[in-house]
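Chain by chain, the residues:
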Amino acid sequence: MWENPIVFKIPSDWNITEEKFFEFCQINRDLRIETNKFGELLIMSPAGSETGNRDGRIIQQLMNWSDEDGTGLAFSSSTGFTLSTGAKKSPDVSWIKLERWNSLSPEEKEKFAPICPDFIVELMSPSDNLKTLQAKMTEYMEEPGVKLGWLIDRKERKVYIYRPNFPTECLENPESVSGETILPGFVLNMSKVCSIIDN
């Protein structure tokens, strides 16, 4: 595993359509592939087994809440979205209000939907770089529609809270994190996320 994404610059005369990029990702399913707002291709190492388990614990809690709440849909880390800048991103966990999701066509929903989720979670793995993920969260917060984001640093037991047009807040070793008014009633139990950490 490597700490930073491998960045490939793409020649400006290459016409990589939405369909071609989607197909490229499908035939390279073992890789985590994104693009940034500059059109560069980012290849990241897959998450380790333990990080994958902790990521599953987050999506499990969000899915359970989402099923009960019924006002939106939760998505796992294998879901890609196309941001307004053209960047393609795959948050570890995300949620979109139903009315925004339903405004998309069936064709848009099938591939990397042209929408930024209302709520985004990124979970740091041992191979991740904090500054890289912070920059990614900042990029999300510049998107129309996004309302809340969490960057979870399991090793340091910190949760960085991102809200558009507000300074980043850092929670030190919280027992839980609230979805606030964006996800009313959703509270992430951090003991299920940070319970297995090597010292």
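An account of the accompanying structure is given in this report. (Residues numbered from 1 in each chain as written. Predicted model: local features only at pLDDT ≥ 70, side-chain atom pairs only at ≥ 80, totals over all residues. Heavy atoms only, no water.)

Counting buried positions along strand β10 (residues 158-162) yields 4 of 5 residues, so the element is predominantly enclosed. Sheet topology note: the strand β9 (residues 148-153)/β10 ladder contains 5 bridges and is antiparallel. Directly across from Gly149, in β10, lies its bridge partner Tyr162. Here β9 folds back onto β10 in antiparallel fashion, the turn holding 4 residues, of which Arg157 has a positive phi close to 55 degrees. Examined bridge by bridge, β10 and strand β11 (residues 169-172) share 4 bridges and lie antiparallel to one another. Each residue of the ladder has a partner; that of Val159, found in β11, is Leu171. In this antiparallel pair of consecutive strands, β10 and β11, the connection spans 6 residues, and Asn165 shows a positive phi of 65 degrees. (Buried < 20%, exposed > 50% of the residue type's maximum accessible area, 1.4 Å probe, protein only. Helix = DSSP H or I, 4+ residues; strand = E, 2+ residues; numbered from the N terminus. Pairing = 2+ DSSP bridges.)

Pairs can form between side chains of opposite charge once their charged atoms are near each other. Within the structure shown, the criterion is met by 6 salt bridges. Lys136 is paired through a salt bridge with Glu122; the nearest N and O atoms lie 3.1 Å apart. Of this pair, Lys136 sits in helix α5 (residues 130-141) while Glu122 sits in strand β8 (residues 119-123); the two residues are 14 residues apart in sequence, bridging distant segments of the chain. In this pair, the class of Lys136 matches that of Glu122, namely buried. When the shortest N-O distance is used, the salt bridge between Glu169 and Arg163 registers 3.0 Å. Taken together, the shared-partner salt bridges in this structure form one network comprising Arg100, Asp118 and Lys147. (Salt bridge = Lys/Arg side-chain N within 4 Å of Asp/Glu carboxyl O.)

Counting residues in each nonpolar core, the largest one holds 22 residues, and the members touching the most others are Leu62, Phe119, Trp150 and Ile152. Elements with a contribution of two residues or more to this core: α2 (49-69), β7 (93-97), β8, β9 and β10. A per-element tally of this core places α2 first, with 4 residues. (Core = buried A, V, L, I, M, F, W, Y, C linked by side-chain atoms within 4.5 Å.)

A few words now on helix α1 (residues 18-26). Structural remark: α-helix, 3.6 residues per turn; residues separated by three or four positions point the same way. Among the residues making up α1, those that are buried are Phe21, Phe22 and Cys25. For α1, the angular spread of buried residues about the axis comes to 100 degrees, placing them on one side. (Arc of directions from axis to C-beta.)

We now examine the pairing of β8. In terms of burial, β8 is largely enclosed, as 5 of its 5 residues are buried. Pairing between β7 and β8: 3 bridges, direction antiparallel. Across the sheet, residue Trp95 finds its bridge partner in β8, namely Phe119. Pairing between β8 and β9: 5 bridges, direction parallel. Note on β9: the bridge partner recorded for Glu122 is Leu151. With respect to chirality, the unit in which β8 leads through α5 into the neighbouring parallel β9 is right-handed. (Right-handed = clockwise from strand over helix to strand, strands pointing away.)

Once that is clear, we can look at the packing of aromatic side chains. Pairs of aromatic rings are described using the distance from one ring centre to the other and the angle between the two planes. Per the counting criterion, the structure on display carries 7 aromatic pairs. Between Trp65 and Phe186, the aromatic rings sit 5.8 Å apart at their centres with planes inclined by 50 degrees, giving tilted as the arrangement. Of this pair, Trp65 sits in helix α2 while Phe186 sits in the loop between β12 (176-178) and β13 (187-189), and the two are 121 residues apart along the sequence. Both residues of the pair, Trp65 and Phe186, belong to the buried class. Judged by centre distance (5.6 Å) and plane angle (85 degrees), the ring pair of Phe75 and Phe81 falls under edge-to-face. The exposure classification of Phe75 matches that of Phe81, with both residues buried. Aromatic rings pair up to connect Trp65, Trp95, Phe119, Trp150 and Phe186 into one cluster. (Phe/Tyr/Trp six-rings, centres within 6.5 Å; stacked < 30°, edge-to-face > 60°.)

Bringing the environment of Ala74 into the picture now. Positionally, Ala74 belongs in strand β4 (residues 72-75). The spatial distance from the C-alpha of Ala74 to the C-alpha of Ile120 is 9.9 Å, given a sequence separation of 46 residues. Setting aside residues up to four positions removed in sequence, Ala74 forms contacts with Ile59, Leu62, Met63, Ser66, Ser94 and Trp95. (Contact = heavy atoms within 4.5 Å.)

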